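Structural description and commentary
Below, each chain spelled out in residue letters.
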Amino acid sequence: MLKHALRAAAVLALVAVVAAPVAVAAPASESAPTPAAIAVLAHGAAHGAPAVTSASALKGQARLGYEVAGEEVRVTVDARSTFDLGSIPTRSWGSFRISHVIDGRDYWGDFEVDCLTTGGPTATVTGRLVRTSPVHPWQTHLDPHTRMGLSFHVPRNGEARVGLSGATAKGAPLLTRCMAPAADMAVVDGGYILRDRNASLVSDR
């Protein structure tokens, strides 16, 4: 048991280090729009643009091309968001699970979605950790409700890919909402269905 926990903790630490460049401090008000979003909204108001509501959705599960022999990483997601003007969602909800099988034991964590953004065949999802498998190293190595991010590339044809942010170290600032690294891990089994708010259905299935 100790061997499994220590090995999982080492993998977690490696992922957290790799993710460090995107692990920036959350803004004082996570729901506050960025200056760019404010500029877009102000431009629309000045020109009398009507409010526009659109929606995005991402759903599916897949095993990723993880390079460590004998280990398996899976990501399951069901996320949705609505938008008015601009690319910042007015509301996001849903869940995702990151599963990492080591020596036959499944270490998983469930997250509550707080942001889904989409653009063509790409998407980013972030969420807060709400529960884990028993004796998961995340229970002691991470702050409660830490945030992690996922990125997805879901083309109509070709290879789908997923990126994982990992977690910031205990006591470190949260990953910023809506942020995730490049989608660099190939989908080798399963798949995702993505609906962009400005496009027709996109899917890798």
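Going along each chain's sequence as written, the residues are numbered from 1 onward. Selection of residues for local features in this predicted model requires a pLDDT of at least 70, selection of side-chain atom pairs for listing and counting requires 80 or more, and totals for whole chains, interfaces and linings are taken over all residues. Just so you know, side-chain values use all the structure's heavy atoms and leave hydrogens and water out.

**Quick notes on the state of the cysteines**
Throughout this description, disulfide means a covalent bond between two cysteine sulfur atoms. Any two cysteine sulfur atoms within 2.5 Å of one another count as a disulfide. In the structure shown here, the tally under the stated rule is one disulfide. Between Cys-115 and Cys-178 runs a disulfide, and the two sulfur atoms are separated by 1.9 Å. Judged by the torsion about the S-S bond (100 degrees), the Cys-115/Cys-178 disulfide is right-handed. In this pair, Cys-115 sits in strand β4 (residues 105-119) while Cys-178 sits in the loop between β7 (161-164) and β8 (185-195), placing the two residues 63 residues apart along the sequence. In this pair, the class of Cys-115 matches that of Cys-178, namely buried. A run of H or I in DSSP becomes a helix once it reaches four residues, and a run of E becomes a strand once it reaches two; helices and strands are each numbered from the N terminus. A simple rule labels every residue: compare its accessible area, found with a 1.4 Å probe on the protein chains alone, to the largest value its type can have, and call it buried under 20%, exposed over 50%, or partly exposed in between.

**With respect to the confidence of the model for the protein chain**
The predicted model of the protein chain has a mean per-residue pLDDT of 79, with 71% of residues at 70 or higher. By mean pLDDT, helix α2 (residues 35-46) is the weakest element of the protein chain at 37, and strand β6 (residues 147-153) is the strongest at 98. Per residue, pLDDT measures the predictor's confidence, with a range of 0 to 100. Between two residues, a contact is recorded if the distance between any of their heavy atoms is within 4.5 Å. Every residue in residues 1-51 is under pLDDT 50, and counting partners more than four places away or in other chains gives 55 contacts.

**Let's talk about the pattern of salt bridges**
What makes a salt bridge here is a side-chain nitrogen of Lys or Arg within 4 Å of a carboxyl oxygen of Asp or Glu, nothing more. In the structure shown here, the tally under the stated rule is six salt bridges. Asp-78 is the salt-bridge partner of Arg-80, the closest N and O atoms lying 4.0 Å from each other. Among the residues examined, Arg-80 registers a relative accessible area of 35% and is labelled partly exposed. Linking Arg-147 and Asp-114 is a salt bridge whose minimum nitrogen-to-oxygen distance equals 2.9 Å.

**Some details on the packing of aromatic side chains**
Two aromatic rings from Phe, Tyr or Trp, using only the six-membered ring of Trp, form a pair when their centres are within 6.5 Å; if the ring planes differ by under 30 degrees the pair is stacked, by over 60 it is edge-to-face, and anything between is tilted. Counted by the stated rule, this structure contains three aromatic pairs. For the ring pair Phe-111 and Trp-138, a centre distance of 6.0 Å and an interplane angle of 75 degrees mean the geometry is edge-to-face. Pair noted here: Phe-111 is in strand β4 and Trp-138 is in helix α3 (residues 138-141), with a separation of 27 residues, a long-range link. No difference in accessibility class separates Phe-111 from Trp-138, as the two residues are buried. Considering the side-chain rings of Phe-152 and Tyr-192, the 5.0 Å spacing of their centres and the 70 degrees angle between planes classify their relative orientation as edge-to-face. Highlighted residues: Phe-152 in strand β6 and Tyr-192 in strand β8, separated in sequence by 40 residues.

**Side note on the nonpolar core**
Among the buried residues, those of types Ala, Val, Leu, Ile, Met, Phe, Trp, Tyr and Cys that are joined through side-chain atoms within 4.5 Å form a nonpolar core. In this structure, Leu-58, Leu-64, Phe-96, Val-125, Phe-152 and Tyr-192 are the most contacted members of the largest nonpolar core, which totals 28 residues. When contributions to this core are tallied by element, the ones reaching two or more residues are β1 (54-64), β2 (72-83), β3 (91-102), β4, β5 (122-132), β6 and β8.

**A closer look at the side chain of Thr-117**
Within the secondary structure, Thr-117 is located in strand β4. Owing to a relative accessible area of 16%, Thr-117 belongs among the buried residues under this scheme. A polar atom in the side chain of Thr-117 sits 2.4 Å from the side chain of Thr-124. Other than its neighbours up to four places away in sequence, Thr-117 contacts Phe-83, Ser-87, Pro-89, Thr-122, Ala-123, Thr-124 and Cys-178. For the purposes of these results, a polar contact is taken to be a pair of N or O atoms within 3.5 Å, where, inside protein, one atom must be able to donate a hydrogen and its partner to accept one; residues adjacent in sequence count only when each atom of the pair is a side-chain atom.

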